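What follows is each chain in one-letter form.
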Amino acid sequence: MNKVILMGRLTRDPEVRYTQGESNTAVARYTLAVDRRFQRRDNPDAQTADFIGIVAFGKAGEFAEKYLKKGTKVVVTGRIQTGSYTNKDGQKVYTTDVVAEDQEFAESKNSSGNNGGYESHSSNSGFAPSNDERPAAAGDGFMNIPDGIDEELPFN
């Protein structure tokens, strides 16, 4: 089984390109800074984060282009993919990336500043509600369900 779950912040805005041909497919690449849980006692100045390359194809790539920005905290679920190529100097270069299958915001827009995030929003849904379209939280912390939506809920 090849399954990866990461949570971190984008180090820069995603770089998005589109494939050539009949169906132009979005290919988004970005780097996720993932904090390490522990600091080394023998070297407190050592790196405390890993910088992991993420690649998102198709709808996930379009989602990254539209909603993800530098500093956005996201949870990425995907798989590790390795590859290699020969660079211009004739040397073989090996690559390791995480291919994103799902991308979700890990914090609300309010708690993250102005980075465009929404709490628990997923790239699989294909829809990013704006703040005024989201149901308001009731005083008990739960969201109010708008009238007419209860027929669509699976747990009536």
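Residues numbered from 1 in each chain as written. Predicted model: local features only at pLDDT ≥ 70, side-chain atom pairs only at ≥ 80, totals over all residues. Heavy atoms only, no water.

Brief notes about the overall build of the protein chain
- Of regular secondary structure, the protein chain possesses two helices and six strands.
- Helices and strands appear in the protein chain in the N-to-C order β-β-β-β-α-β-β-α.
- The burial tally for the protein chain puts 30% of its 156 residues in the buried class.
- In the protein chain, the share of contacts with a sequence separation of at least 24, taken over all contacts with a separation of at least 6, comes to 50%.
- Summed over its atoms, the accessible surface of the protein chain is roughly 10,900 Å², and 47% of this surface lies on carbon and sulfur atoms. (Helix = DSSP H or I, 4+ residues; strand = E, 2+ residues; numbered from the N terminus. Buried < 20%, exposed > 50% of the residue type's maximum accessible area, 1.4 Å probe, protein only. Contact = heavy atoms within 4.5 Å. Areas by Shrake-Rupley, 256 points an atom, 1.4 Å probe, with all protein chains shown as cover.)

Looking at the nonpolar core
- If you look at the biggest cluster of nonpolar residues, it comprises 19 residues, and the most contacted ones within it are Leu-6, Tyr-30, Leu-32, Ile-54, Leu-68, Val-74 and Val-76.
- Within the residue set of this core, elements represented by two or more residues are strand 1 (4-10), strand 3 (26-35), strand 4 (49-57), helix 1 (59-67), strand 5 (73-86) and strand 6 (92-105). (Core = buried A, V, L, I, M, F, W, Y, C linked by side-chain atoms within 4.5 Å.)

Here's the deal with the packing of aromatic side chains
- Taken as a whole and judged by the stated rule, the model has two aromatic pairs.
- Seen in terms of ring centroids, Phe-63 and Tyr-67 are 5.2 Å apart; in terms of plane orientation they differ by 45°. Their pairing is tilted. Taken together, the residues span about one helical turn, with Phe-63 and Tyr-67 both in helix 1 at a distance of four residues.
- Plain terms: the ring middles of Phe-63 and Phe-105 are 5.7 Å apart, the flat faces sit at 50° to each other, and that makes the pair tilted. Residue Phe-63 is located in helix 1, and its partner Phe-105 is located in strand 6; the two are separated by 42 residues in the primary sequence.
- Classification of Phe-63 as buried rests on a relative accessible area of 6%.
- Clustering of aromatic rings is evident, with ring pairs tying together Phe-63, Tyr-67 and Phe-105. (Phe/Tyr/Trp six-rings, centres within 6.5 Å; stacked < 30°, edge-to-face > 60°.)

Quick notes on the pairing of strand 1
- Pairing geometry for strand 1 and strand 5, over six bridges, is antiparallel. Residue pairing across strands places Arg-9 opposite Lys-73, the latter belonging to strand 5. (Pairing = 2+ DSSP bridges.)

All we've got here are geometric facts, nothing functional implied.
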